[in-house]
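# Architecture at a glance
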Amino acid sequence: MKVMMNTGRTVPQGESVERKHSPEYESAASVCFIHPVDMMVLGIEDGAHIRLSGSGGSVVLTAVASETVEQGSVFVPLGPFSNHIVSGETHCTGMPDFKSTMVEIIPTEDPVPSVAELMEALGGVRYAH
Amino acid sequence: MLIKDVVCPFCGCLCDDLDVEVENGRIIRVDNACTLGSKTMVGDDRLKAPIRRDGKGWIETTYDAAIEEAAQILLDADRPLLYGWSRTHGEAQGIGVHLAELIGGVVDNTSTVCHGPSILAIQEVGHPGCTLGQVKNRADLIIYWGCNPIDAHPRHMSRYTTYATGFFVKDAHRDRKVIVVDTRRNESADVATEFVQVEPGGDYAVLSALRAIVRGRGDVVPPSVSGVSREQLVRVAEMCKNAKFGAIFFGLGLTMTAGKNKNVRNAIELTDELNRHTKFIISPMRGHGNVYGTNEVFTWITGYPYAVDFSRGIAFYNPGETTAIDILRRGECDACLVVASDPAAHFPKPCVEHLARIPVVQIDPHPNATTHICRLQIPGSVAGIDAAGTAYRMDGVPIRLKAIIETGVPNDTEILQRLYNRVREAKGE
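Rules used throughout
- Residues numbered from 1 in each chain as written.
- Chains lettered and ligands numbered in written order.
- Predicted model: local features only at pLDDT ≥ 70, side-chain atom pairs only at ≥ 80, totals over all residues.
- Core = buried A, V, L, I, M, F, W, Y, C linked by C-beta atoms within 7 Å.
- Buried ≥ 20, exposed ≤ 12 C-beta atoms within 10 Å, placed from the backbone.
- Domains from an automatic or database assignment.
- Pairing = 2+ DSSP bridges.
- Helix = DSSP H or I, 4+ residues; strand = E, 2+ residues; numbered from the N terminus.
- Contact = placed C-beta atoms within 7 Å.
- Nonpolar A, V, L, I, M, F, W, Y, C, P; charged D, E, K, R; others polar.
- Axes fitted to C-alpha atoms, helices over the stretch in contact; angles between N-to-C directions.
- Parallel < 35°, antiparallel > 145°, perpendicular 65-115°, else oblique.
- Left-handed = near helix turned anticlockwise from the far one by under 90°.

### Brief notes about the nonpolar core
- Ranked by internal contacts, the top residues of the largest apolar core, which has 173 residues, are Cys32 of chain A together with Ala70, Leu210, Phe250 and Ala267 of chain B.
- Looking at this core, you find at least three residues from each of domain 1 (46–114 + 289–426) and domain 2 (116–284) of chain B.

### Structural notes on the sheet that holds strand 19 (residues 376–378) of chain B
- Read from one edge of the open sheet, nine strands run 5-4-19-18-17-6-7-15-16 (chain B), paired in mixed fashion. Of all strands in the sheet, those bounded by a partner on one side alone are strand 5 (57–60) and strand 16 (316–317) of chain B.

### A few points about the interface of chain B and chain A
- Residue-level contacts link 57 residues of chain B with 49 residues of chain A.
- Residues of the side of chain B that touches chain A, tallied by class, amount to 25 nonpolar, 19 polar and 13 charged.

### Remarks on the packing of helix 9 (residues 203–214) of chain B against helix 10 (residues 230–242) of chain B
All names here are of chain B.
- Contact geometry for helix 9 and helix 10: axes closest at 9 Å, N-to-C directions at 60°. For the element pair helix 9 / helix 10, the angle class is oblique. As for the relative orientation of helix 9 and helix 10, their crossing is right-handed in sense. Between helix 9, through Ala209, Leu210, Ile213 and Val214, and helix 10, the contact on the second element is made entirely by Leu233, Val234, Val236, Ala237 and Lys241.
- Among the residues making up the contact of helix 9 with helix 10, the classes are represented as eight nonpolar, no polar and one charged.

### A short note on the pairing of strand 3 (residues 26–31) of chain B
Residue and element names in this part refer to chain B.
- As paired strands, strand 2 (residues 18–23) and strand 3 are joined by five bridges and run antiparallel to one another. What sits directly across from Glu23, in strand 3, is Arg26.
- Linking strand 2 to strand 3, which pair antiparallel, is a turn of two residues; within it Asn24 sits at a positive phi near 50°.

See below:
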């Protein structure tokens, strides 16, 4: 299923943003709000894992049913999870398409990674605080 | 000990009415803050010493050794990028700009990934704005466009708009109308007088339609514009024209979607149009506590608000070319100094991949996503908690941040001054 990904602040993400190694932050930032009808089309339940792939890359997130997003679009809190999908193209403005990236969604059994695992995959070295 | 009138450093509201209780050098309670501010100040979790990458692990190091290593990394670089700055005080930001000039680097701040496009629009057509105090005391119509203050600026409505009693707005809940324009029915829409739901990417067209209606050319507007009916657009335009004082606050829903700076330009020009009928202002909802300050400090030193490139020996500014995202996407910079921000969390993956390939030094007290990809992290104190300094509120009002606890940790100004002195000494200047 192809949908438009929007990203932005949520209260749980903002509350824990200075503690990015915490389970609270990781669970707050790694969710994908999706319309219940789109979940039915995908054949998934609330809490299922889904893989989102966009022009910048792909990442596994937890699906959360929400009627505040329209069918055909999803909302993901801003942060390292949503940014794993966004490309660096700015169209000469300096600003990436954080709120308007087309993504392909498929159900998956893969686990949701941690922030440290995302950074290790890019060549970083995990710091255990 | 109870400390009153403390300024919260979290977001651009810089709420200055917090009551903070301190016991044994720790903040144990915060009253009046929103949950974002409260969680920022209580239970602050920080590095206890500088850390450096050592093979496949990490070791603690001293401030002296860390500053020496950071200086060498910057001295060895041909195209260094100095990025961040929005969660520290203006004094540190100023040294950062001078350091960039000294090493011929690029200095950019987090507005590059928030309201950079708004700045581009303001440079084209100006900024009809005012202070939040004027809005609180006078505005009887508020428009939140492409933003969700309940989640991102939780006290904006209670301190300045929807629920704030003002000098000329005695009964805010009855006297003030609120319009929310967004692509999704967010939490702020639930308290709005009127919710306008725009199809994704449709803001520019809706703004243009409103401009036409306000201009008296509603006849050219089709029955539906980007999912919004002409009837609703006419109703919104009438609400705006009939207001005594209107205020548009806009967010990243305009700057990060198709059109970007042109969306903001159109919103400013709608404001201009409305001023033919009544008083209207427009202002961006700035995110980080002192992101507005970065624009002020950069501008008064270099003439430009962000994305300043000193590689030519003079200040050069060309967003789209000298902006951090573009420099990283092109794989151009060969070292990066990150101060008081977390680009590994908030930059697109291809940019973070390049950061992971080059030496990155981070000055920040918190272990964050950038920690895993940097070579060296130097913790400083936090502006507004254990460091004093100047920050700018989202409406451009400078506010003094207090140090409310004493930790003995050097502040960002001290760390950067030592780094600047060491680089200058090594360059023989």
